[in-house]
Amino acid sequence: MATKEKQVGNNISKPIFCELSANELEPEITEIESLCTDCGKNGITKLLLTKIPYYKDVVLMSFDCEHCGYQNNEIQNAGKIGEKGIKIMLQVSSPQDLNRQVVKSDYTSVFIPHIDFEIPARSQKGEVTTVESIIDRSIAALEQDQPRRREEFPDTAVAIDLFISKLHMLKILEEPFTIIFQDVSGNSHIENPKAPLKDNGCTVTYFKRTKEQNHMLGFYSDNEDALLKPIQEGEYSLEQFEGEVMTFPTNCPDCNSPCETNMKLTNIPHFKEVVIMATLCEYCGHRTNEVKSGSGIEDQGVRIEVTITGKEDFGRDLLKSETCDMEIPELELEVGPATLGGRFTTVEGIIAAMKEQLSTSTAFTGDTSDSETVKRMELFIVQLEEVLNGQKKITLILNDPAGNSYVQSLSDDGPDGRLKITKYDRSFEQNEELGLNDMKVENY
């Protein structure tokens, strides 16, 4: 049971989440007392754990004060902060785009380059909203003090009226515009109305947080300077641990119970060394496995195309790094690097992993799921089953800007007839996402 906790304001403080686990919240609404920011008297905050399709579990919070009528609502992530920050660029060109569902955290900044308008991070609480509602809320905030400005600062009021008219023009959609969401916590999301098909109007990239951004999120290390110091020659290297299974404590990503992760350095023939990590939670049964490169980022990116025609192709070894995108053009399927993480498996295994993830998607369990979305998802899973049964010929494309992905060739002399490997120079944006543009390699 949750204990009642009085606090300043209607925001939920961290101690409450220490007492309330996801299992305790779902599916009941939990009520706690909290102080109203307007009148200072006790109001009621309601908490509900719910699922957002194609995203994750979130906690919805609603505050209501019966004394003064003040109301507010907020959303917080029910899991952990992402390993990387996220940047989402949405091209808004239709009323459907204006109505897209948006999940944004406290740490999300919103920028519309077309009118040079920005909502800074931490200036608003996290919420579930739409693109149109974000514009409406901005208009309402700007209009709030206009009567007073017209009397005291008429020139400023005229300039703000002009800017408000620009915001109204965005909703009319006389021309498309881009809206950019950047969230250092990695916990923002924009609905894909065509899911599970590729969202051509939305571009999602991930970035490594800076030291200052980690501090903003409350991440500190007692030995930051030592961690940032380059490893000197002759100190530690991965080769020292080759063949040895190392174990270190961690927490389960599902239930947060203490568990252990096993890590081993292994060599993939004709490729390179990789680090394989596996975690098993004895409390809830959750299993994860992940692969990371043991030799850093390559000089060039790699694009691998393999035509899958039968069982022989299904047996190919496949390494997908944590920076690799995957695509199946015949199914209009595109999988981002964060979706399946790094994996060392087979072609059949990676397709089966896609099917399993879609089968357990929140599209089937989310509280906002609709019948059309579920029907589209079921049809898509049937197509993947046809691929796994050898009834459908497809092309699997791996695009890894870090150059750390691999598909086994069936020939001893380079790529076989159904395997195409292309090396390419990375773009500035790809180097930026990998954190290479600001990397200092000389005179450090």
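No experiment lies behind these values; they were computed from the predicted model shown.

Asker: Describe in detail the packing of aromatic side chains, supporting the description with residues and values.
Answerer: Within this structure, the stated rule accounts for two aromatic pairs. A ring pair is formed by Phe 63 and Tyr 70, whose centres lie 6.1 Å apart and whose planes are at 55°; its orientation type is tilted. Residue classification places Phe 63 among the buried positions, given a relative accessible area of 2%. Given the relative accessible area of 22%, Tyr 70 is considered partly exposed.

Asker: Which residues make up the sheet that holds strand β19 (residues 325–328), and what values go with them?
Answerer: In space, the five strands of this open sheet follow the order β20-β19-β22-β17-β24, with antiparallel pairing throughout. Because the sheet does not close on itself, it has two edges, and the strands there are β20 (333–335) and β24 (419–424). Strand-to-strand, the axes of this sheet are offset by a mean angle of 15°, without reference to chain direction. As paired strands, β19 and β20 are joined by three bridges and run antiparallel to one another. Directly across from Glu 327, in β20, lies its bridge partner Glu 334.

Asker: Describe unusual backbone geometry, and please don't skip the residues or the numbers.
Answerer: Its identity as a non-glycine residue notwithstanding, Asp 116 has a phi of 55°, on the positive side. Within the secondary structure, Asp 116 is located in the loop between β7 (108–112) and β8 (117–119). Notably, Glu 332 is not glycine yet its phi reads approximately 55°, a positive angle. In this structure, Glu 332 sits in the loop between β19 and β20.

Asker: Account for the sheet that holds strand β21 (residues 343–346), with residues named and values stated.
Answerer: Strand order across the open sheet formed by three strands is β21-β18-β23, with antiparallel pairing between neighbours. One side of each edge strand has no neighbouring strand; the edge strands of this open sheet are β21 and β23 (406–407). Sheet analysis places strand β18 (residues 317–320) next to β23, joined by two bridges and oriented antiparallel. Paired with Leu 318 across the two strands is Val 407, which belongs to β23. The sheet strands contacting helix α11 (residues 347–359) are β18 and β21, and the helix crosses β21 at an angle near 110°.

Asker: If you had to explain the pairing of strand β6 (residues 101–104) to someone new, which residues and values would you point to?
Answerer: Where β6 lies against strand β9 (residues 127–130), four bridges are found, and the strand directions are antiparallel. Note that in β9 the partner of Val 103 across the bridge is Val 128.

Asker: I'd love a proper account of the packing of α11 against helix α13 (residues 371–388), names of residues and values included.
Answerer: Packing of α11 against α13 brings their axes to within 10 Å, and their N-to-C directions diverge by 160°. As the angle between them shows, α11 and α13 are arranged roughly antiparallel. Note on packing geometry: the crossing formed by α11 with α13 is left-handed. Within the contact between the two elements, α11 uses Glu 348, Ile 351, Ala 352, Met 354, Lys 355, Leu 358 and Ser 359 and α13 uses Met 377, Phe 380, Ile 381, Leu 384, Glu 385, Val 387 and Leu 388.

Asker: So what's going on with the environment of Thr 279? Residues and values would help.
Answerer: The residue Thr 279 is located in strand β15 (residues 273–280) in this model. When its relative accessible area of 13% is taken as the criterion, Thr 279 is described as buried. For the pair Thr 279 and Pro 253, spaced 26 residues apart in sequence, the C-alpha to C-alpha distance is 9.7 Å. With residues near it in sequence (within four places) discarded, Thr 279 still touches Thr 250, Cys 259, Glu 260, Thr 261, His 286, Arg 287 and Thr 288. A polar atom in the side chain of Thr 279 sits 2.6 Å from the side chain of Thr 261.

Rules used throughout
Here the residue numbers are simple positions, counted from 1 along each chain's written sequence. Per-residue local features are limited, in this predicted model, to residues with pLDDT of at least 70; the limit for side-chain atom pairs, both in listing and counting, is 80 or more; totals at the level of whole chains, interfaces and linings are taken over all residues. Hydrogens and water molecules were not included; the side-chain quantities draw on all heavy atoms of the structure. To pair, rings of Phe, Tyr and Trp, with the six-membered ring standing in for Trp, must have centres within 6.5 Å; the planes then decide the type, stacked if under 30 degrees apart, edge-to-face if over 60, and tilted in the middle. Relative accessible area decides the class of each residue, using a 1.4 Å probe on protein chains only: under 20% of the type maximum gives buried, over 50% gives exposed, and in between gives partly exposed. Two strands form a pair only when DSSP identifies at least two bridges running between them. Runs of E in the DSSP output that reach at least two residues are strands. Runs of H or I that reach at least four are helices, and both are numbered from the N terminus. Simply put, an axis is a line fit to the C-alpha atoms, just over the touching stretch for a helix, and the angle between two N-to-C directions goes from 0 to 180 degrees. Pairs of residues are marked as contacts when any of their non-hydrogen atoms sit within 4.5 Å. Angle categories are assigned with fixed cut-offs, so that under 35 degrees is roughly parallel, over 145 is roughly antiparallel, 65 to 115 is roughly perpendicular, and the rest are oblique. Crossing handedness is read from the near helix: turned anticlockwise from the far helix by less than a right angle, it gives a left-handed crossing, and turned clockwise, a right-handed one. We define a polar contact as two N or O atoms separated by no more than 3.5 Å, with the added condition that, inside protein, one atom must be a possible hydrogen donor and the other a possible acceptor, whereas residues neighbouring each other in sequence contribute only through side-chain atom pairs.

Keep in mind that these numbers describe shape and distance, not what the molecule does.
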